[in-house]
Structures are given as C-alpha cells and as structure tokens.
Amino acid sequence: MNIKTSAAAGTLESSDAYVMVEPSDTLEIAIESVVYNQYADQIRAGIEQVLDQLGVKTGRISINDKGAVDCVIQARVETAIKRAGGEG
Amino acid sequence: MSKLVASIREAIEKCELRDGMTISFHHHMRNGDYVLNMVLEEIAKMGIKNLTVNASSIFDIHEPIIGHIQNGVVTGLECNYMGAKVGKAISEGVLEKPVIFRSHGGRASDMEKGTSVIDVAFIAAPTADDMGNCTGKLGPSACGSIGYAFADAMNAKKVVVVTDNLVPYPLVGFSIPEVYVDYVVTVDQIGNPAGIVSGTTKITRDPVGLRMANYTAQVIEASGLLRDGFSFQTGAGGATLATAQYVKEKMLAKGIKGSYGMGGITGYMVDMLNEGCFQALLDVQCFDLKAVESIRTNPKHMEVSATQYAGVSGKSAGVDNLDVVLLGATQVDLDFNVNVHTDSNGYIMGGSGGHCDTAAGAKLAIIIAPLTRARLPLVVDRCLCISTPGKTVDVVVTQRGIAVNTKYGKNAELKEKLKAAKLPVVEIEDLKQKAEELAGVPKPVQLGQKVVANVLYRDGTLLDVIHAVR
Amino acid sequence: MRRSMLFIPGNTPNLLMNGDVLGADSLILDLEDAVSPAEKDSARILVRNVLRDLHYKGCEIIIRINPVETEYWTHDLDEIIPLKPHMIMPPKVSCAQDVKTVSEYIGRLEEACGFPKNTVKLIPLIETAMGVENAFQIASADQRVAALFLGGEDLTADLRCKRTKEGQEIFYARTRLVCAARACAIDVYDTPFTDVNDLPGLYADAQFAKALGFSGKASISPSHVAGINEVFSPTQEDIDYAHDVMETIRIAKEQGKGVVSLRGKMIDAPIVERARQVIEMEKAMFGEVEEDE
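Calculation notes
- Residues numbered from 1 in each chain as written.
- Chains lettered and ligands numbered in written order.
- Predicted model: local features only at pLDDT ≥ 70, side-chain atom pairs only at ≥ 80, totals over all residues.
- Heavy atoms only, no water.
- pLDDT = per-residue confidence, 0-100.
- Contact = heavy atoms within 4.5 Å.
- Helix = DSSP H or I, 4+ residues; strand = E, 2+ residues; numbered from the N terminus.
- Expected span 1.5 Å × (residues − 1).
- Buried < 20%, exposed > 50% of the residue type's maximum accessible area, 1.4 Å probe, protein only.
- Pairing = 2+ DSSP bridges.
- Right-handed = clockwise from strand over helix to strand, strands pointing away.
- Buried area = accessible area lost by both parts, 1.4 Å probe.
- Salt bridge = Lys/Arg side-chain N within 4 Å of Asp/Glu carboxyl O.
- Polar contact = N/O pair within 3.5 Å; in protein donor to acceptor, adjacent residues only side chain to side chain.
- Nonpolar A, V, L, I, M, F, W, Y, C, P; charged D, E, K, R; others polar.
- Axes fitted to C-alpha atoms, helices over the stretch in contact; angles between N-to-C directions.
- Domains from an automatic or database assignment.
- Left-handed = near helix turned anticlockwise from the far one by under 90°.
- Phe/Tyr/Trp six-rings, centres within 6.5 Å; stacked < 30°, edge-to-face > 60°.

Undergrad: What am I meant to see in the confidence of the model for chain C here?
TA: The predicted coordinates of low-pLDDT regions are not to be read in fine detail. Residue and element names in this part refer to chain C. The predicted model of chain C averages 93 in pLDDT, with 98% of residues at 70 or higher. Confidence over residues 288-293 falls short of pLDDT 50; this stretch has four contacts with residues more than four positions distant or in other chains. On the interface metric, ipTM, the complex scores 0.96, and its pTM is 0.92.

Here it is, written out as structure tokens:
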C-alpha cells in the first residue's frame, strides 16, 4: 500500500496516540512520546510491524503518543495509512 | 505600641536580614500565594544574597524563585513538596546545593529540635491585628487553617506577619498569638483567592478510579477498623474522595460513630462531621471553601499545628492514633517503598507532605493508584526515590488487584481477612507482572550523577537522595 | 452468567483497556452509536487490535456492529469475526431476514477462519416497533440467536412517545420480548436505565425487569453495574434452597424414590432446573476469586 495523500488518525487524549502520515520518497518515522525514555524502541518496532504488514515502503509517519499501548498505536498507524491510501 | 511597619522592605531591614540567612514561608495560600514572590523580589532589590528559603511547599506560582536561584539571591531550598515547574528546574540542576525535602511533621519538628534554624519567618495571614495576632479563618484571602505556620512563628528568630486584612486589636479568634510576632506589614493582596482554595473538590467520575475506591472501602471494612472510635485521613485526590464517600455510606448505614477525621480537610470530611461520622475534625489545612466555612463556624472543626498533626517532637501527635490513611503514589516498589517525589522520568513533581508521617502513624496505610498511568507501570523493582519506607505501608489497591504487605512480619491476619471478604488479593510481584503484560517492560531510566535533593525522613535522618535528570 | 452488560465506546483506548475491571459480566464494545461516521474505520481497527492483544479475563465480549442498512456492517464483521468474539449484536433488527443476513455473512467468515459453525452467537437489538412485533420470528430465525436485547431509546422514538423513568411506554415491548425469548428458550436483556446519577431509580427499574422475567440488564454507565449484578444475582436464600433441592433429589435417587417433596412442596422438573441455574450462577459469581489464588 502506498501513502498517496496526508492523513491522520487518533487523538491526543491520555492512553491514545495521534498519528500523521504524509507522502515521501523515503521512509521516515518520527516519534514523540510521554514515555519516550521507557518505550521508544517498542513503539518503533510496533510501527514497523504495521508498515511491513501493509507493505508500506515510503512515507513520513509522525506519532504524538500520550502513553498508548502497542495495540492502540498500531491501530492508529494502520487507520492513518489506510486513510492515506484511499481506503477506509 | 504597634508592630506595624510601612513596607516589606522596612520589615526586612528591621529584622536585619543579611547574606547567608534562612527565611521561611508557609503554603496555605497554595497556588494563589503572592507573599513568597513579593518578599524575594524585595530582597533581590536590596542586594541580599546567598539565602536559604525554607517553604513548607513550593507551587508553580513560585516559578520566579528559579530566577532568584540563577542570580544568587537564593542558594538553598528546603520544602516538603515542590510543584512540577520549579521541580523541573531543580531536576535539571539549577541549584548548586541539594534541596532538602522534609515531611510536614518532620519540618515542624526539626525547627522545634533546633536542627532547622529560621532567621526570619514571613507569615502570610488572611487577617491580623497590628500586634500580630493572626488567623486564616477570616478575610478576603481566607484559607482556613494555618497549621503549617505555627512552627515557623514559634521558632523563628524574627517573625513578620504579612496581611491584606488588618483589623483593630485584639483580633477575636486568633490562631497565632502576638507573643511570637515582631512586625506586621499590610499589602494589597496576599494571594489570589481562586488559587488558594478550590470552590469545590470533586469526586472522580473516572470508572477506574471509582473501582479502586470501591475496593478500598471494602478493604477498610474487612480490616475490622471501621467501628466506633474510627479515625481517618484522606487527601483531596478524586479516588480517595470517592473512597471517603463509600466509607461514609457504610458508617451511616451501620450507625458507626467515629472519633476524628484529620489532615488536609475537604467538604466531604465536613459532611462526614456534620452527619455524625466523627466527633471532631483535626485540620492542618483546608482544601475548599466548605472546609474554610466550617472551621470558621463549627467548634468541632479544630485547627491543629503541623506538630500536633504529624510531628515527632511533641509528646504525641494526631497521626499516632490514626486508624486508616488513604495515600497516593507515582511508584511503588517490590518492597512497598513509595515514591511521591518524582515522576517516572525522575523529574521532581511532588513531595512527601504528610505521606510518610501518616503512613508511619496509621494502623492501616493504604496506597491507591492505577496499575498503569499513561502506560507506565505503578509497581517497579526500585522506586526512583523513596518518599515513604515500605515497612510503614500496609496495602496497595489498584483496579486489577490488591497487594497486602506481609514482608515485614505483619499483616498476615489482614491478608486473610481481605481474602475472606472475596477481595482480589494478589502479591505485589503480580501487580508488576500484570502491568508489564499490558504495557510492556519499561526501559530503566538513566539519571545523572549529581544529587539535586536529599530526602529526610520525619525523624531527620536521610531517607534517600534524588539525582539530576540527564 | 450474564447479569450485566456494559457498553464501552469503541474508539476510547482508555476505557477499552480497563473494560474488564468494571465488574460487568459482559462488555458491549460499541461500533455503532458511540462512534461518529468519520471514525467508523478507526474504531473498527482499534477494537480488532484490542481483542487481539488484551485479555478480558472473566468477561464476555459482545460487539455491537453497525446496522445492516449501512455500508459499515460487513467491514465490521470482516475485522472482528477472526478474533472470535462471544457474540455479535446487530442493531435495529426488525425482522427474521435481518438476522439471517448477518448470520450468513458470519457463517462465511467462520468457515474461512476454520471455526466450527455457529461459534459466534447473535444477540439482536430490537429497537423498532416492527422488531417488537416480529420478536418471536427474530428469536427463532437462526441457531446463532442466543438472546434478545431491548433498546428503549430508539423504540420510543419510533413509537412517537416520550421515554420516561417509569417506563409505562415500553411495558408492552418488554413483556413481548420476554415471552418471545422464553418461547425459544433463550435469554433476554433489558434496556439501560439512562439517568446515571439516580441509583435508587436504577434499582427499581432493574427489579421491575427481573420481575418481568428478564435475564439481566444493559448499562451505559459503569456505576450501574454493581446494582444490576446485585438485583439479578440469586440471594443467599435462593442459593441455600437450590442446594437443598439438589441434595433432596440426590437422596431420593439413592433410595429409588420417584416423587419427592421439600418443605411441603413437590419437587418437579422446573424446580430442579431452576435450582441448577442458581447453583451455576453461584459458581460463576464466586468462582473467579478462587481461580486467582
């Protein structure tokens, strides 16, 4: 799946995450998180897993995480990508 | 004779405040306090340097103190609680000398024992007369009890009362008597009433908070302590207030006549007093307008000093006879030590207040906290800072289980009672594991070498240190 | 055991994470009314991930999907069925065909996932005048239907009457649904009591529903769950009597007696069945604590 337009998903409420995706020639992941020190690696791995599953090779993924657990972050990333791919 | 002086500057001059001295403040004006900033600004203008500030608590409104630290006016800081704004600067190392954290009881007792010496105490007083009799119960900036200021008044070498409501001598119903006061100053406003007390403190509507409150009330009932003569302390946090509500319902349903409610007092404790749950309230600090109104009008609602509330220097204190206290935590470790000083990243954002005093005194010290907060597990291997030693903590209540502290050869019977009441009793290790299953294992936080604060226990001994963040 | 069913909005991570600690026997994760049209996709994916990764210990999971006349319901089932929820709640069910349509679609997904047929049950939400009149046909439309659920809010709008706390206006619908469900030997659940702060009102409403024959009641507020559980739980007296009944027939069997009586009343098959249900509920209510030890 390709990221064709910019799209967003999620909220900035506690235990949620706000994800923005934009088209880009390279793959970039930008993580901002209230638990960055404790969970940045796990957040990145979770995002990469979703990109893998959806076959996303390029795009800019920015996340503002308010302490969401992995399955929530992954849901928000997937939703944003599907919205940007003309689906959903 | 009058002790009235024209300005704060004149009071400072008359007190002969010099470089290197220690000045003190109380925090009954909370996040509405103008006095600490006002006095420091004047001192800075006068060119006095190298002062130590001993304030019972530092709030966000006191942010200008960071500037005074940077320009050398303030080089020492002592308090029982520090809000996140100043806490962040301290954690990042703005102050050369470590902050000294005490508990509410420990601060008063250290002054009385002479281990903490105050040169000049500045006492914000919502109402005072020109000889220095003063109270917090009256006036436009009324805050109710001024219990934390008693030790300052009684032990400081010089005492300045700062008021915005001067009344003719003698003030009827004073809290602190003139015998301790050197000078009286009037100012336009000692504080912003909106920040001093809340209009009302509200019970949480968060379903998880209510679940914890429900469990906690059941723990109290199952413990057997909820009987005639019951004594109780709760904070102003949403879940603890909800617990108080449940406890009240149980007391009224069973006709239980308690002895006293204590601590920072909210309207909910006032309701419990008025409905006959308690014989009296022992109030060191008021949290809302209803509490202020009650302490002004109801003789059963009594003002107590920090020493009588929680100290170790008196022959006894209120905490010594406490049955149950409800407390919060940012972290609890496997030995039941509790952190209320820093957040999970190591930034200072709180302090003991009466936490370790009441935990030490109460028969049943209950920690109420959600299993995770914004993903971060409550239970950790080792707290970033020990605010209250594990041996004084009895029970940890989360929404996913209740851990009873049997590690120090106590509470075995309590644990059986809670199990018999069909409460979800688990081990503290289980709480850690459950949280990590949900949230993942957090990477340990790396802190700097520099010590930014020493945490003293209520008896004055060193309990722990807080390191700078990186 | 299903006394209380608590609605959780499908797009709220914080509530979804803690749904299982709120004391409800069943959680209804809602993809319909609690989710705005613009967020249907995100709620669906979120609920799917939550079902995949979190363990709702001791809680039955029901998913309220979107109505069959919308474009969403097949997408909802596509994502949710592979996670094997206990039940699907289709809303605004008005006739047997609505049930069959959903059931057939679920059947195809079950097959694709390799689940045994009829693994996922249905609890149709009846909230239209037509649905009430077709209650028996709906209840008997498909093997999958395990319970009926009455929705009082939409129903009163359809009836063009005002929804009141006393509920006179839904009395007919309540008794009609109970009768239809019991005729098909399935459970039946009452509409939520909507005044969150009126606990005495909740108790009265739940007690009335129980008296009419409802198996339990739904709630939109966690603060109603404890009251609903209390009302729909057997009393200690009920439990003691149930054990006495079982003990009496055990002894009777040993002695080869055909007909026995307890406390002067003949014990017949319905009484034994009722006693068995009460003991089952007793086990479900007090079993959880034992498991944790």
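Undergrad: When you look at helix 9 (residues 199-212) of chain C in this model, what are you seeing that I'm missing?
TA: In an α-helix there are 3.6 residues to a turn, and that puts residues three or four apart on one side. A rise of 1.5 Å per residue sets the reference length of helix 9 of chain C, with its 14 residues, at 20 Å; its end C-alpha atoms lie 20 Å apart and thus fit the reference within 8%. Check the buried side of helix 9 of chain C and you find it contacts helix 8 (171-183), strand 8 (187-190), strand 9 (216-219) and helix 10 (225-232) of chain C.

Undergrad: Just checking my understanding: could you explain unusual backbone geometry for this structure?
TA: Excluding glycine, a negative phi dihedral is what most residues carry, and trans is how most peptide bonds are arranged. Cis geometry is found at the peptide bond from tyrosine 169 of chain B to proline 170 of chain B, where omega equals -5 degrees. Mapped onto the elements, proline 170 of chain B comes out in the loop between strand 9 (158-163) and strand 10 (183-186). Phi is positive for glutamate 16 of chain B, close to 55 degrees, though the residue is something other than glycine. Tracing the chain through its elements places glutamate 16 of chain B in the loop between helix 1 (8-14) and strand 2 (22-25). Residue glutamate 16 of chain B is classed as exposed on the basis of its relative accessible area of 53%. Despite not being glycine, asparagine 118 of chain C has its phi angle at roughly 65 degrees, a positive value. In this structure, asparagine 118 of chain C sits in the loop between helix 4 (96-113) and strand 5 (121-122).

Undergrad: In this structure, what is going on with the pairing of strand 12 (residues 260-265) of chain B? I would like to understand it.
TA: Residue and element names in this part refer to chain B. Most of strand 12 sits out of view: six of its six residues are buried. Both strand 11 (residues 231-233) and strand 12 contribute to a ladder of three bridges, which runs parallel. By the bridge assignment, glutamine 233 is partnered in strand 12 with methionine 262. Regarding the hand of the β-α-β motif, the stretch spanning strand 11, helix 9 (residues 238-254) and strand 12 is right-handed. As paired strands, strand 12 and strand 13 (residues 280-286) are joined by six bridges and run parallel to one another. Residue pairing in the sheet places glycine 263 in a bridge with aspartate 283 of strand 13. Of the crossover connections in this fold, the one passing from strand 12 over helix 10 (residues 267-274) to the parallel strand 13 is right-handed.

Undergrad: Just to check I follow, could you spell out the interface of chain A and chain B for this structure?
TA: For interface size, the figure often reported is the accessible area lost on association. If you look at the interface, chain A gives 15 residues, while chain B gives 13 residues. Both faces combined, the contact of chain A with chain B buries some 1,100 Å², and carbon together with sulfur accounts for 46% of it. Between the two partners, chain A and chain B, sit two salt bridges. Where chain A packs against chain B, one counts seven residue pairs in polar contact (both at pLDDT 80 or more). Elements represented by at least two residues in the side of chain A that touches chain B include exactly helix 1 (36-54) and helix 2 (70-84) of chain A. It is helix 1 of chain A that contributes the most residues to the side of chain A that touches chain B, six residues altogether. Residues of the side of chain A that touches chain B, tallied by class, amount to seven nonpolar, five polar and three charged.

Undergrad: Mind showing me how you'd approach the sheet that holds strand 23 (residues 401-404) of chain B here?
TA: Strand pairing within a sheet occurs via backbone hydrogen bonds; the two strands may be parallel or antiparallel. All names here are of chain B. The strand order 14-13-12-11-15-18-22-23-24 describes an open sheet built from nine strands, whose pairing is mixed. Strands at the two margins of the open sheet, each flanked by one partner only, are strand 14 (301-303) and strand 24 (425-426). Strand contacts of helix 11 (residues 289-297): strand 12, strand 13 and strand 14, with the helix running at about 90 degrees to strand 14, the strand carrying the most contacts.

Undergrad: Sorry, what's going on with the domain arrangement of chain C here?
TA: When the domains of chain C are assigned, the result is domain 1 (4-232) and domain 2 (236-292). Here domain 1 of chain C and domain 2 of chain C have C-alpha centroids that lie 31 Å from each other.

Undergrad: Would you take a moment to explain the pattern of salt bridges for this structure?
TA: Two side chains that carry opposite charge are able to pair once their charged atoms sit near each other. Summed over the entire model, instances satisfying the criterion amount to 63 salt bridges over all chains. Between lysine 88 of chain B and glutamate 92 of chain B there is a salt bridge; the shortest N-O distance is 3.2 Å. Judged by its relative accessible area of 43%, lysine 88 of chain B falls in the partly exposed class. On the basis of relative accessible area, glutamate 92 of chain B is assigned to the partly exposed category, the value being 44%. The salt bridge involving glutamate 280 of chain C is made with arginine 276 of chain C; its shortest N-O contact spans 2.9 Å. Remark: arginine 276 of chain C and glutamate 280 of chain C occur in helix 12 (residues 269-292); sequence separation between them is four residues, near one turn of the helix. Looking at glutamate 280 of chain C, the relative accessible area reads 48%, which means it is partly exposed. One connected set of salt bridges, linked through shared partners, spans Asp30, Glu32, Asp33, Arg64, Lys92 and Asp154 of chain C.

Undergrad: When you look at the packing of helix 3 (residues 73-80) of chain C against helix 4 of chain C in this model, what are you seeing that I'm missing?
TA: To describe two helices that pack against each other, one gives the angle between their axes and the distance between the axes. All names here are of chain C. Across the interface, helix 3 lies against helix 4 with an axial gap of 10 Å and an inter-helix angle of 35 degrees. For the element pair helix 3 and helix 4, the recorded crossing hand is right-handed. Residues Trp73, Thr74, Leu77 and Asp78 of helix 3 touch helix 4, and the partners they reach there are Thr101, Val102, Tyr105, Ile106 and Leu109. Looking at the contact of helix 3 with helix 4 residue by residue, the classes come out as six nonpolar, two polar and one charged.

Undergrad: I would appreciate a short explanation of the packing of aromatic side chains in the present structure.
TA: Aromatic ring pairs are defined here through the distance separating the ring centres and the angle between the ring planes. All names here are of chain B. Considering all chains together, one arrives at six aromatic pairs over all chains under this definition. Seen in terms of ring centroids, phenylalanine 25 and phenylalanine 122 are 5.7 Å apart; in terms of plane orientation they differ by 15 degrees. Their pairing is stacked. One end of the pair, phenylalanine 25, is in strand 2; the other, phenylalanine 122, is in strand 6 (residues 120-125), and 97 residues separate them in sequence. No difference in accessibility class separates phenylalanine 25 from phenylalanine 122, as the two residues are buried.

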